[in-house]
Amino acid sequence: MTKEFSFTRNDFQQVRKIVGQTAGINLGEHKYEMVYGRLARRLRSTGIKKVSDYLAFMQDDPEENIQFINAITTNLTYFFRESHHFDFLSSTVIDSVVKTHSNDKRVRIWSAGCSTGEEPYSIAWSMRLFRKKYESWDFKILATDLDTAVLNTARQGIYGEERIQKLDKSIISKLFSSVGSGRYQVKSQFRKDIFYKKLNLMNSNWPMKGKFDVIFCRNVLIYFDRPTQQKLIEKFRQNLHQNGYLILGHSESIGSQLKNFQPIGRTIFQKR
């Protein structure tokens, strides 16, 4: 089948190189068709007919460079994905942070690779009893992603009916307000504690000053090679409070960093 745009194997290798250097993401050979499909949308938008010409244009245009990374980044998520992680927040983390922070009353959770916001909002919901009981405490959820487009979606907290229809009706009524046209917005009491920031995990210096009680980094490490995964896990460890928790995705491994963490559940690890 003839492709709408010229996309050679050399073009694909160039894309792999750029994405690897910019975002640290390792695109396998099997991603050829996926990459073409995502680039095709950008070529239609810019009116460019060849991927090679688009890549040259993109590298000279900072705004298009952002669009390029946004297009290639995979963003598949849903509310309460891997629900046992959120059960752990409400059953264990609340008691843990109350004990740890009885003096400073400062609690921080980080959603690294937050995509369109379902994860941080699921975190906020899971911590709702804590927020109700300890309303005066300094509680914040940091939500970061490389993709500026999904961050904009996350900040608004507005989702189509199809994105929430599998949730329990009691959760829908308490977590969302209808905004018309089959769309629902996360209620303000669950949005107010979440702060969205653009962050490339491959940056050598992360801007966070304090440490976190819990770091979610789920289904993100799978896009990096093994050495990069280990470096990131070590950086997460450095940014965790003593006895803090690192939560990974179901298909991700902590590898040689196991010496620094105690496994306490399905892809839940506590800093030693």
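Residues numbered from 1 in each chain as written. Predicted model: local features only at pLDDT ≥ 70, side-chain atom pairs only at ≥ 80, totals over all residues. Heavy atoms only, no water.

## What to know about the sheet that holds strand 9 (residues 261-265)
Rules: Between any two strands, at least two bridges found by DSSP are needed for them to pair. Each helix is a run of DSSP H or I of at least 4 residues and each strand a run of E of at least 2, with the numbering of both proceeding from the N terminus. Where helices are involved, their axes are fitted lines through C-alpha atoms of the stretch in contact, as for all axes, and angles between N-to-C directions lie from 0 to 180°. We call two residues in contact whenever any of their non-hydrogen atoms come within 4.5 Å of each other.
Taken in spatial order, the 7 strands line up as 6-2-1-7-8-10-9 in an open sheet, and their pairing is mixed. Every other strand in the sheet has two partners, leaving strand 6 (194-198) and strand 9 as the edge strands with one partner each. On average, each strand axis in the sheet is inclined to that of its neighbour by 20°, with strand direction left out of account. With 5 bridges connecting them, strand 7 (residues 212-217) and strand 8 (residues 240-248) associate as parallel partners. If you follow Phe212 over to strand 8, its bridge partner there is Leu240. Here helix 8 (residues 148-156) sits on the sheet in contact with strand 2 (138-145) and strand 6, set at roughly 165° to strand 6.

## Quick look at helix 6 (residues 118-126)
What counts is decided by this rule: Each residue's exposure class comes from its accessible area (1.4 Å probe, protein chains only) as a fraction of the maximum for that residue type: buried when under 20%, exposed when over 50%, partly exposed otherwise.
Counting buried residues along helix 6, 9 of its 9 residues qualify, which places the element largely inside the surrounding structure. For helix 6, the set of buried residues is Glu118, Glu119, Pro120, Tyr121, Ser122, Ile123, Ala124, Trp125 and Ser126.

## Examining the state of the cysteines
Here is the rule we go by: Pairs of cysteine sulfur atoms within 2.5 Å are what we label disulfides.
Summed over all chains, the structure comprises 0 disulfides. You can see Cys114 has no disulfide; the closest cysteine sulfur is in Cys217, sitting 11 Å from it. With a relative accessible area of 0%, Cys217 lands in the buried category.

## Section: the nonpolar core
In summary, soluble globular proteins display a tendency toward joint burial of nonpolar side chains. The test is simple: Nine residue types can take part in a nonpolar core, namely buried Ala, Val, Leu, Ile, Met, Phe, Trp, Tyr and Cys, and a core is a set of them joined through side-chain atoms within 4.5 Å.
Leu39, Phe68, Trp110, Phe236 and Leu246 are the most contacted members of the largest nonpolar core, which totals 46 residues. Secondary structure elements with two or more residues in this core: helix 1 (9-23), helix 2 (32-46), helix 3 (51-60), helix 4 (62-72), strand 1 (106-112), strand 7, helix 12 (226-238) and strand 8. Top element by residues in this core is helix 2. It accounts for 6 residues. Discounting residues that sit within four places of it in the chain, Phe68 has contacts with Val15, Ile18, Val19, Leu39, Tyr54, Leu55 and Met58. In terms of nonpolar packing, the next biggest core, distinct from the first, is built from 40 residues, Phe88, Phe139, Leu167 and Phe190 among them.

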